[in-house]
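# Structural overview
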Amino acid sequence: MKEKIMAMEKYAEEENVPIIEKKSIAFIMKYIQDNNVKNILEIGSAIGYSTILMASAKNDVYVTTIERDEKRYMQCLKNVKDCEMDKKINVVYQDALELNLPEDTSFDLIFIDAAKGQYTKFFEKYKYFLKDNGTIITDNIKFHGYVGNSDAIESSNLKSLVQKIEGYIDFLKNNTEFTTTFYDIGDGLSVSKKNINE
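A brief look at the structure comes next. (Residues numbered from 1 in each chain as written. Predicted model: local features only at pLDDT ≥ 70, side-chain atom pairs only at ≥ 80, totals over all residues. Heavy atoms only, no water.)

## Focus: the overall build of the protein chain
Of regular secondary structure, the protein chain possesses six helices and seven strands. Going residue by residue from the N terminus, the α and β elements of the protein chain occur as α-α-β-α-β-α-β-β-α-β-α-β-β. Principal-axis analysis of the C-alpha atoms places the extent of the protein chain at approximately 45 × 45 × 30 Å. At a minimum sequence separation of 6, the contacts of the protein chain that also span at least 24 residues come to 67%. Roughly 10700 Å² of accessible area belongs to the protein chain as shown, and the carbon and sulfur atoms make up 46% of that amount. (Helix = DSSP H or I, 4+ residues; strand = E, 2+ residues; numbered from the N terminus. Contact = heavy atoms within 4.5 Å. Areas by Shrake-Rupley, 256 points an atom, 1.4 Å probe, with all protein chains shown as cover.)

This is how it looks when you write it as structure tokens:
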């Protein structure tokens, strides 16, 4: 398994596929172990790197992962099969904003690591599928150090994207349904825990 993970890291580097930083996925795997997480939804599979590592965190973890890019979806399927994880991982080829999950679906953990400009939309759409004590974790909250420094960015596309992430951070801070903690790990993580109504 370790060799296969290393091969995926090499592939991601050569093909310029963004994958989660090692410190970030280590944090999430520990979170899964410490919080009895069994059912995970991942938005943005890429090549299945974080998917496979999350599924390997404990024996009783099942991951549903969504990917809209066909090439990455096919690569993810291949990697899942190579790692013999096809019984623990369901890979869905679809745009996450267009997917309709069955109403009775529920998750302990939702991991958002897809189109940065759509973070708030992903959060709003999928929060309804979270169990009462569930958590939403989002990656790339710092976005290579640009977040918080958008005024200094010259590229208008990049500036617009960073401002959307900053908007998402404000959305999390002001969200009364969830309590969010921000971690300065890897490229920045937010952990949003659903508030249980007494």
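## Remarks on the sheet that holds strand E5 (residues 130–139)
Hydrogen bonds along the backbone pair up the strands of a sheet, which may run parallel or antiparallel. Taken in spatial order, the seven strands make up an open sheet running E3-E2-E1-E4-E5-E7-E6, and their pairing is mixed. One side of each edge strand has no neighbouring strand; the edge strands of this open sheet are strand E3 (89–93) and strand E6 (178–183). Taking each pair of neighbouring strands and ignoring which way they run, the sheet shows an average axis angle of 15°. Taken together, the six bridges between E6 and strand E7 (residues 189–194) define a ladder with antiparallel strand orientation. (Pairing = 2+ DSSP bridges. Axes fitted to C-alpha atoms, helices over the stretch in contact; angles between N-to-C directions.)

## Side note on the pairing of E3
Of the pairings in the sheet, the one linking strand E2 (residues 62–67) to E3 comprises five bridges and is parallel in character. Pairing of Thr65 across the sheet is with Val91, part of E3. Tracing the backbone out of E2, into helix H4 (residues 70–82) and back to the parallel element E3 gives a crossover that is right-handed. (Right-handed = clockwise from strand over helix to strand, strands pointing away.)

## Details of the packing of aromatic side chains
According to the stated counting rule, one finds nine aromatic pairs in the structure shown. Arranged with centres 5.3 Å apart and planes meeting at 85°, the rings of Phe123 and Phe171 form a pair that is edge-to-face. Placement of the pair is Phe123 in helix H5 (residues 119–126) and Phe171 in helix H6 (residues 156–173), with a sequence separation of 48 residues. The residues Phe123 and Phe171 share a single accessibility class, namely buried. Taken together through their ring pairs, the aromatic side chains of Tyr119, Phe123, Tyr168, Phe171 and Phe178 make up a single cluster. One cation-aromatic arrangement involves Lys125 over Tyr126; the distance from NZ or CZ to the ring centre is 5.5 Å. (Phe/Tyr/Trp six-rings, centres within 6.5 Å; stacked < 30°, edge-to-face > 60°. Buried < 20%, exposed > 50% of the residue type's maximum accessible area, 1.4 Å probe, protein only. Lys NZ or Arg CZ within 6 Å of the ring centre and 35° of its normal.)

## Some points on the nonpolar core
Grouped together as the largest cluster of nonpolar side chains are 35 residues, with contacts concentrated most on Ile28, Ile32, Ile40, Ile52, Met54, Ile89 and Ile137. Contributing elements (two or more residues each) for this core: helix H1 (2–15), helix H2 (22–34), helix H3 (49–55), H4, E3, strand E4 (107–112) and E7. The dominant element in this core, judged by the number of residues it contributes, is H2, at six residues. Residue contacts for Ile52: discarding those within four places in its chain leaves Met1, Ile5, Met8, Asn79, Val80, Cys83, Met85 and Ile89. Core analysis: the second largest hydrophobic core is formed by 29 residues, Leu41, Ala96, Ile110 and Phe129 among them. (Core = buried A, V, L, I, M, F, W, Y, C linked by side-chain atoms within 4.5 Å.)

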